[in-house]
Amino acid sequence: MKFSMQRWFVLFLILLGLGGIVAAAAAQSGYTPVSQSDALARQEGAVVYLTNLARAARGIPPLRWNWQLTQSARWFAADKAAAPNCADAHRDTLGNFPDVRARAFGYPGSAGAENVWCVYVPPEQAVEGWLKSNTGHADQLLNPDHREVGIGYNQNGEGWLAQDFGSDNSFAPLIIENESLSTAAQMVNLYLYDRRAEDLFTALQPAVSMQISEDACFNNTAVQPYQSQSTFNLSSGEGWKRVYARTRDAYGRSLTVDDSIYLGSLPAGLPLGEEHFSTSRPTVTLYGLDAQGRSDLQLSLGWLGDAFKTGKNNLLPQIADPAALNGKAVLLPHNRNDGSDPNMAWVWTTSFFTQQPMVAYFRLKVNSLPEGEAARLSVTAGTFQSGEVILRSSDFPSTNTYIEVPLSFTFTPDQNNPFLIFKIRRTGSAEVSIDTVTIFTAPQRFNGSPFVWQVPGGAYRGQGVWVRFSGADGSNFTPLREAAVSQRDGCLSPSSLTVLAAPSSATPLLSALVLPSYMAGDGWSVEENLPWLQAGRAGERVELRLLTGGLGLGEYNGEVIIRPEERAYPPLRLSVRLVMAERLYPVYLPAVNR
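How each quantity is defined
Residues numbered from 1 in each chain as written. Predicted model: local features only at pLDDT ≥ 70, side-chain atom pairs only at ≥ 80, totals over all residues. Heavy atoms only, no water. Core = buried A, V, L, I, M, F, W, Y, C linked by side-chain atoms within 4.5 Å. Buried < 20%, exposed > 50% of the residue type's maximum accessible area, 1.4 Å probe, protein only. Contact = heavy atoms within 4.5 Å. Salt bridge = Lys/Arg side-chain N within 4 Å of Asp/Glu carboxyl O. Helix = DSSP H or I, 4+ residues; strand = E, 2+ residues; numbered from the N terminus. Axes fitted to C-alpha atoms, helices over the stretch in contact; angles between N-to-C directions. Parallel < 35°, antiparallel > 145°, perpendicular 65-115°, else oblique. Left-handed = near helix turned anticlockwise from the far one by under 90°. Nonpolar A, V, L, I, M, F, W, Y, C, P; charged D, E, K, R; others polar. Disulfide = S-S within 2.5 Å.

Enquirer: Help me understand the nonpolar core in this model?
Expert: Grouped burial of nonpolar side chains is what soluble globular proteins tend to show. By size, the foremost hydrophobic cluster in this structure holds 52 residues, and its most contacted members are Phe352, Phe362, Phe409 and Phe422. Apart from residues lying up to four places away in sequence, phenylalanine 362 is in contact with Leu377, Ser378, Val379, Ile403, Glu404, Val405, Leu407, Phe422, Lys423, Ile424, Thr436 and Val437. Core analysis: the second largest hydrophobic core is formed by 30 residues, Ile60, Leu63, Val121 and Phe277 among them.

Laid out in structure tokens, this is it:
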């Protein structure tokens, strides 16, 4: 298509941080989602796809289509189409720029780069024009630092098109086939971003392993070394296919992301809702929690500090230690020889959640147990100062055994006190090994599972959730473990059932927990066509009753289908195996004290 440059075809670019001075309340005022037609939504998807083809041709990773950036771009396109002004093409009628709009619609990462057309143009011409521009539009479209994108079309008046870019350092998206809406081939190409290596307490480290599956629970899915590019064989049958990727770093911290594609010819009129975009949400639901007799729980998105430095802020070398959480530790006294105190180490940041009660767990051990002091620990959190906690040799159960010591804090920074600092001083003759400092929310009352957690910062994006249980005062705490998190597209737990029965035994009543939050309420149904099984709904569970009367001895296999009403989601399948025996014998096993 020939590219024609006319006065009202002028292309614009902006990358500004001016919105940072705008108050949050003012930024959000007046920004409400606008509806989009199915036809224009597909054209927006085509712009994303063509953008990614251009990036791929130059060896640049693709962009993930993002819901919050799309809502921002759609609102802006409608706003400018109603009051067009090409001379000020990136400022909306509320006086704000792309970064403010992105935050107002809930995008948690950095944003502000934007390409626009001041008139409606079809996707091919739009991308071609941006690529031919010599005023920065191609640079934005091909910027490798961008990871997500939103597109907004509007056809009122002469129309408008906005392309908004973003990047969230806590999110490493998965992209199928350059964000094509559909594919005719079962074998598809995947691009899986890595986490960005950052010296932040909230940042995950680069991935070391990954799992790829259409099963959100990753049942029977092999763990393999992380790689950014791979192929995946979709399940057979026309329809939407959703692929999940779960990566883990050296600490075992997980991040689960997904993308979807239609296998076959995408039917006309099939809507493209939020489930087809990357997104964020303010809460996460945790299942299967066992408080082990404790009253409270503490939660974390894997927050920790392990980049320990000397008093002169030189990074301390880590040594191999299989007992450390990531297999590495720091020793005191250190041998950095930079003129600092060799018996002191600290890890610090200026970026963490403020005004929220937290608990820091110092994990350390000693190589000998002489009488007296071993170490002192402290937290400085802005204007908050914990005071020093003294550890004596008697606080360690044995040599070379890690203990965890909790210190409560609330980060209250001001202009003169911007730092959050965790400090360890060796005060005895024993050598001190420092593993890490993990950070959890303060104890909160646990009222049972499932538990809905309002995530600090209000942006949950698939991170694994660490949990500890404790008393109300934080005492008697459990070791950290990863909680079972509900996936946006969910799974069944268990995914299969095996039952033993006899003609004389009582009819078993079974249930399987349905995890996906989108099936809440009346959004799903249960199907089965087996003479020996009756299935129905019981709140968030599928209730199964086996009808064993008249069954002969042998093995019976069947399947229960849990079908969501939303067509974008695949049905969930529960395999049921019934073994009918002549008689069941109780077996009593001795208890073993370990």
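Enquirer: Would you explain the pattern of salt bridges in this entry?
Expert: If the charged atoms of two oppositely charged side chains come close together, the side chains can form a pair. Following the criterion strictly, the structure yields 21 salt bridges and no others. Here glutamate 482 makes a salt bridge to arginine 248, at a shortest N to O gap of 3.2 Å. Of this pair, glutamate 482 sits in strand E30 (residues 481-482) while arginine 248 sits in strand E12 (residues 239-248); the two residues are 234 residues apart in sequence, bridging distant segments of the chain. Each of Glu373, Arg376, Glu388 and Arg425 takes part in one network of salt bridges that share partners.

Enquirer: What's the story with the packing of helix H2 (residues 38-56) against helix H5 (residues 123-132) in this structure? I'm lost.
Expert: The geometry of a pair of packed helices is captured by two quantities: the angle between their axes and the separation between those axes. Where H2 meets H5, the closest approach of the two axes is 9 Å, and the angle between their N-to-C directions is 40°. On the basis of the axis angle, H2 is oblique to H5. Once H2 is placed against H5, the crossing between them reads as right-handed. Counted together, Gln43, Ala46, Val47, Leu50, Thr51 and Ala54 of H2 and Pro123, Glu124, Val127, Trp130 and Leu131 of H5 form the full contact between these two elements. Looking at side-chain class alone, the contact of H2 with H5 contains eight nonpolar, two polar and one charged residues.

Enquirer: I tried to follow the state of the cysteines on my own but got confused; where do I start?
Expert: Linking two cysteines covalently via their sulfur atoms produces the bond known as a disulfide. Under the criterion given, the structure shown has one disulfide. The side chain of cysteine 86 participates in a disulfide bridge whose partner is cysteine 118; the two sulfur atoms lie 2.1 Å from each other. On the criterion of sequence distance, the pair formed by cysteine 86 in the loop between helix H3 (67-82) and helix H4 (98-104) and cysteine 118 in the loop between strand E3 (110-117) and H5 is long-range, its members being 32 residues apart. Judged by relative accessible area, cysteine 118 falls into the buried class, the value being 4%.

Limitation: the analysis is restricted to geometry and does not speak to function.
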